[in-house]
Amino acid sequence: MTPNLLPILALLLNAFVWGVSWWPFRQLHAAGLHPLWATALMYALALACLLLARPQALRSTLQHPALWLLALSSGLTNVAFNWAVTVGDVVRVVLLFYLMPAWSVLLAWKLLGDRPTGVALVRLLLAFAGVALVLVPADAAWARLASHLSGAGLLALAGGFCFALTNVTLRRLHAVPGEARMLAMFGGGALLAGLSASAGLALGAVPALPALAQAWVPLALALAMAFLLGNYALQYGAARLAAGTTALVMLSEVVFASVSSALLTSATLAPRTLLGGALIMLAALLAALPSLQQRPHVST
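Please read all numbers here as calculations on a predicted model, not as lab measurements.

A look at the overall build of the protein chain
Moving on, step 1. Secondary structure assignment for the protein chain yields 14 helices and zero strands.
Moving on, step 2. Each helix and strand of the protein chain, ordered N terminal to C terminal, gives the series α-α-α-α-α-α-α-α-α-α-α-α-α-α.
Moving on, step 3. Burial analysis of the protein chain (300 residues in total) assigns 48% to the buried set.
Moving on, step 4. Long-range pairs, those at least 24 residues apart, make up 88% of the contacts in the protein chain with a sequence separation of at least 6.
Moving on, step 5. Taken as a whole, the protein chain presents about 13,900 Å² of accessible surface, with 70% of it coming from carbon and sulfur.

Next comes the structure, spelled out in structure tokens:
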């Protein structure tokens, strides 16, 4: 077994959880639980479980102020993605979310000092061209581009940016104890989702939190445990692998989302969307090539 295999398996687990999470979120939404309230409740439960199991994590977290950035980026990632995948087209949302490797080029430059190469700039062009194909209809006027940006699409783009920031921040904080990183991520998810849901309620955009009911409580508990395991897997894998490798492995989420959407719904993809998705995924694959080429050979 190669040294990088366990982190890769961890990232695959996280990608599976996120890739199929749209279905339970939609079931919860149908039962009256808005995805923002669902996210807040699930991450609050995960946070409570972590504090019960590792009470010392709170002190460790408070000793690292940089974890506030991780809490913010992780929290906004969950708010944006969970809401988008509940109300939007699953595959389109996931494809737009995976503009993440393009954001990673810019964030790694700013936060890690990794200056973009010519190939990195080509990746940016490919990724943004793919987004344009996914978002904008063929007969649309570019002067009216904003009118084609749906709420779910904008949320997916914002979620991808925040997810890229989360991955870069995890690498930057690799020396911070894992329990502290987890606490920051769960706390950020609970706090940002709760604040967003409360703001939406005040504005009339989000319904009130429903009473406890058998229709949604068991599913919410199961999803909370899945996210607890998935987020632990993410911070474990992303902290031990290069950003390019992480981007490559996490592309499996597109596969999990596409297959589950095809099996559970009658959704179909237009050729334009497929081409745009191919460009986005090509950009992500190019992001992974340098780290894969630098990996030492391991004989079997």
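Comments concerning helix α13 (residues 252–264)
Moving on, step 1. For α13, spanning 13 residues, the distance from its first C-alpha to its last is 18 Å, which sits close to the expected 18 Å at 1.5 Å a residue.
Moving on, step 2. For α13, every residue scored as buried is listed here: S252, E253, V254, A257, S260 and S261.

Comments concerning a nonpolar patch on the surface
Moving on, step 1. There is a patch of nonpolar side chains on the surface, built from W23, V255, V259, L263 and L264 and spanning about 500 Å² of accessible area.
Moving on, step 2. Counting residues per element, the nonpolar patch draws most heavily on α13, which supplies four residues.
Moving on, step 3. Residue classification places V259 among the partly exposed positions, given a relative accessible area of 46%.

Quick notes on the side chain of R181
Moving on, step 1. Take R181: it is sitting in helix α10 (residues 178–203).
Moving on, step 2. Buried charge without a partner: R181 forms no salt bridge, and the closest opposite charge is E179, 10 Å away.
Moving on, step 3. The contact partners of R181, leaving out residues within four places of it in the chain, are L67, L70, L170, L173, H174, V176, Q235, A239 and R240.

A look at the environment of L219
Moving on, step 1. Among the secondary structure elements, L219 is positioned in helix α11 (residues 217–238).
Moving on, step 2. For the pair formed by L219 and F25, sequence separation is 194 residues and the distance between their alpha carbons is 9.1 Å.
Moving on, step 3. Residues contacting L219, with those up to four places away along its chain left out, are P24, Q27 and L28.

Here's the deal with the pattern of salt bridges
Moving on, step 1. Applying the stated criterion across every chain yields a total of one salt bridge.
Moving on, step 2. R54 is paired through a salt bridge with E179; the nearest N and O atoms lie 3.9 Å apart. Here the residue R54 occupies a position in the loop between α3 (35–53) and α4 (57–62), and E179 occupies one in helix α10, the gap between them amounting to 125 residues.

Quick word on the nonpolar core
Moving on, step 1. Formed by 78 residues in total, the largest nonpolar core has its most connected members in Y98 and F227.
Moving on, step 2. Sort the elements by how many residues they give to this core and α10 lands first, with 10 residues.
Moving on, step 3. Not counting chain neighbours up to four residues away, the residues in contact with Y98 comprise F163, M250, L251, E253, V254 and I280.

As for the packing of aromatic side chains
Moving on, step 1. By the definition in use, this model includes 11 aromatic pairs.
Moving on, step 2. With centroids separated by 5.3 Å and ring planes inclined at 90°, the aromatic side chains of F16 and F256 adopt a geometry described as edge-to-face. Taken together, the residues F16 in helix α1 (residues 5–20) and F256 in helix α13 connect sequence positions 240 residues apart.
Moving on, step 3. What makes F256 partly exposed here is its relative accessible area of 25%.
Moving on, step 4. Measuring from ring centre to ring centre gives 6.2 Å for W18 and F227, while their planes differ by 75°; the resulting arrangement is edge-to-face. Of this pair, W18 sits in helix α1 while F227 sits in helix α11, and the two are 209 residues apart along the sequence. Here W18 and F227 have matching classes, each one buried.

Remarks on the packing of α1 against α11
Moving on, step 1. Two numbers describe how α1 lies on α11: the axes approach to 8 Å, and their chain directions differ by 140°. Our pair here, α1 against α11, has a crossing hand that is left-handed. Contact residues: α1 offers L6, P7, A10, L11, L13, N14, V17 and W18, while α11 offers A226, F227, L229, G230, N231, A233, L234, Y236, G237 and A238.

A look at helix α2 (residues 22–30)
Moving on, step 1. Along α2, the residues that are buried comprise W22, P24, F25 and L28. Buried residues of α2, viewed axially, fall in a sector of 165°; they line one side.
Moving on, step 2. Here the buried face of α2 lies against α1, α3, α5 (67–87), α6 (90–97), α11 and α13.

What counts as what
Residues numbered from 1 in each chain as written. Predicted model: local features only at pLDDT ≥ 70, side-chain atom pairs only at ≥ 80, totals over all residues. Heavy atoms only, no water. Helix = DSSP H or I, 4+ residues; strand = E, 2+ residues; numbered from the N terminus. Buried < 20%, exposed > 50% of the residue type's maximum accessible area, 1.4 Å probe, protein only. Contact = heavy atoms within 4.5 Å. Areas by Shrake-Rupley, 256 points an atom, 1.4 Å probe, with all protein chains shown as cover. Expected span 1.5 Å × (residues − 1). Patch = residues over 30% accessible without salt bridge, like charges linked within 9 Å, V, L, I, M, F, W, Y side chains within 5 Å. Salt bridge = Lys/Arg side-chain N within 4 Å of Asp/Glu carboxyl O. Lys, Arg positive; Asp, Glu negative; His and termini not counted. Core = buried A, V, L, I, M, F, W, Y, C linked by side-chain atoms within 4.5 Å. Phe/Tyr/Trp six-rings, centres within 6.5 Å; stacked < 30°, edge-to-face > 60°. Axes fitted to C-alpha atoms, helices over the stretch in contact; angles between N-to-C directions. Left-handed = near helix turned anticlockwise from the far one by under 90°. Arc of directions from axis to C-beta.

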